[in-house]
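Residue-level structural notes
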Amino acid sequence: MTVQVGNGVIHTGDAREVLRTLSPKSVHAIVTSPPYYGHRQYGTPPVDWGDWRGELGCEPTPELFIAHLTSALHEAHRVLRDDGSLYVVDMGRRQVVVL
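Residues numbered from 1 in each chain as written. Predicted model: local features only at pLDDT ≥ 70, side-chain atom pairs only at ≥ 80, totals over all residues. Heavy atoms only, no water.

**Section: the packing of aromatic side chains**
- Considering all chains together, one arrives at one aromatic pair under this definition.
- Considering the side-chain rings of tyrosine 37 and phenylalanine 65, the 5.7 Å spacing of their centres and the 40 degrees angle between planes classify their relative orientation as tilted. Here phenylalanine 65 lies in helix H2 (residues 62-79) and tyrosine 37 lies in the loop between strand E3 (27-32) and strand E4 (47-48), a separation of 28 residues in the sequence.
- With a relative accessible area of 34%, tyrosine 37 lands in the partly exposed category.
- Using a relative accessible area of 7% as the deciding quantity, one classes phenylalanine 65 as buried. (Phe/Tyr/Trp six-rings, centres within 6.5 Å; stacked < 30°, edge-to-face > 60°. Helix = DSSP H or I, 4+ residues; strand = E, 2+ residues; numbered from the N terminus. Buried < 20%, exposed > 50% of the residue type's maximum accessible area, 1.4 Å probe, protein only.)

**Comments concerning the side chain of histidine 68**
- Along the chain, the position of histidine 68 falls in helix H2.
- Within polar-contact distance, the side chain of histidine 68 engages the side chain of glutamate 59 at 2.8 Å.
- Excluding residues within four positions of it along the chain, histidine 68 makes contact with Trp49, Asp51, Trp52, Leu56 and Glu59. (Polar contact = N/O pair within 3.5 Å; in protein donor to acceptor, adjacent residues only side chain to side chain. Contact = heavy atoms within 4.5 Å.)

**Structural notes on H2**
- Across its 18 residues, H2 extends 26 Å between first and last C-alpha, which sits within 8% of the 26 Å expected from 1.5 Å per residue.
- Along H2, the positions that sit buried rather than exposed are Leu64, Phe65, His68, Leu69, Ala72, Glu75, Ala76 and Val79. Taken around the axis of H2, the buried residues stretch over an arc of 135 degrees, which confines them to a single face. Exposed side chains of H2 directed beyond 90 degrees from the buried face belong to Glu63, His74 and His77.
- Summarising the contacts, the buried residues of H2 are in contact with helix H1 (15-20), E3 and strand E6 (80-90). (Expected span 1.5 Å × (residues − 1). Arc of directions from axis to C-beta.)

**Details of the pairing of strand E1 (residues 2-5)**
- Direction of pairing for E1 relative to strand E2 (residues 8-11): antiparallel, over a ladder of four bridges. By the bridge assignment for E2, valine 5 is matched with glycine 8.
- Here E1 hands over to E2 after two residues, with glycine 6 in that stretch at a positive phi of 60 degrees. (Pairing = 2+ DSSP bridges.)

Pasting the structure below:
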């Protein structure tokens, strides 16, 4: 889903799908809250990752989880401007990490 807010746009959805639609170095800020590994199931439809099918965070090994999370973050890096910011939000623990 895409929502116009003032001069900006908010995109929501599967990060891999949404980010692939954006031009390189076109995004000022990304806010994300990726799931923990093995913490919970969110009930979203299974995703085909090529080497496994399921929800991010529910992979059979930590190594596979990191590989899948990294693939999304590589896309984030591709679209983020040189002066852009990536915010990784952990709402469950009430902390915000700015990378």
